[in-house]
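Results of the structural survey
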Amino acid sequence: MPKIKLITGCMTVCLIGSLHAQEQQQNGETAVYIKGNALLIPIGVVNVALEHQLNKKFTIQGDVLISPWKSFAGHELQYYSASLEGRYYFNEAFKHWYLGANIAASSFVLQKWNYWSNDIYINEQTGAHYVKSNLYQKGYSLIFGITGGYQFKVSDRWNIDLYATIGTSQDFYKGYNRTNGERYDREDNKFNRSGEILPYRGGIMISYKLK
């Protein structure tokens, strides 16, 4: 979708620009860690990140998440997101407790958790009845949140980063009937819009120091 591509592109440019600017500084050593989320690997979901030190207590991190499942346990679960986060460490960068401000954009084809049953969905406009388990949603989200976490060293180059993020998600989506591919929620081709506060990131990042 054009908006998702634009936002993701801007986030990538900002991240690359910040990293380049910091690498030009000669005020002292800065560290860079590459990371992978150990909690998501067993279910085939890829979540990788790059965290770059800006100064003694601040870092910036960019990450991507890819869930390619057209069907997972009988439910659509295609989810692609990119996020950019600034972190403040209370001790020093990459050590112990921190807080972060996060912005993310995502594109998805999934079945919401409250559609996993065989309850009946009624279209209030047309009066049509549908079985919820046959319905899924397709769209994109813009998300803003706050991260809390704890990072600690296990060796000279390896860290473990425990974190969770909660925020407000603004979702734009269309609902489809799996049996015939048609819209179940409305007769025109417009997006539905919803907003909610929810946890949207988290896990255990295994981190390796690149420099």
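Because the structure is predicted, anything quoted here is derived from the model rather than measured. (Residues numbered from 1 in each chain as written. Predicted model: local features only at pLDDT ≥ 70, side-chain atom pairs only at ≥ 80, totals over all residues. Heavy atoms only, no water.)

What to know about a nonpolar patch on the surface
A cluster of nonpolar side chains, namely Ile 34, Val 154, Trp 158, Ile 206, Tyr 208 and Leu 210, defines an oily patch on the protein surface of about 510 Å² accessible area. Tracing the chain through its elements places Tyr 208 in strand S10 (residues 192–209). (Patch = residues over 30% accessible without salt bridge, like charges linked within 9 Å, V, L, I, M, F, W, Y side chains within 5 Å. Areas by Shrake-Rupley, 256 points an atom, 1.4 Å probe, with all protein chains shown as cover. Salt bridge = Lys/Arg side-chain N within 4 Å of Asp/Glu carboxyl O. Helix = DSSP H or I, 4+ residues; strand = E, 2+ residues; numbered from the N terminus.)

A short note on unusual backbone geometry
If you check the backbone angles, Phe 94 has positive phi at about 75° while not being a glycine. By the element assignment, Phe 94 lies in the loop between strand S4 (75–89) and strand S5 (96–110). Despite not being glycine, His 96 has its phi angle at roughly 70°, a positive value. Turning to its location among the elements, His 96 is positioned in strand S5. With a relative accessible area of 31%, His 96 lands in the partly exposed category. (Buried < 20%, exposed > 50% of the residue type's maximum accessible area, 1.4 Å probe, protein only.)

Points about the nonpolar core
Residues Ala 31, Tyr 33, Ala 49, Tyr 89, Ala 93, Phe 94, Tyr 98, Tyr 163 and Met 205 constitute the largest nonpolar core, which totals nine residues. Core analysis: the second largest hydrophobic core is formed by five residues, Tyr 121, Tyr 130, Leu 135 and Tyr 184 among them. (Core = buried A, V, L, I, M, F, W, Y, C linked by side-chain atoms within 4.5 Å.)

Limitation: the analysis is restricted to geometry and does not speak to function.
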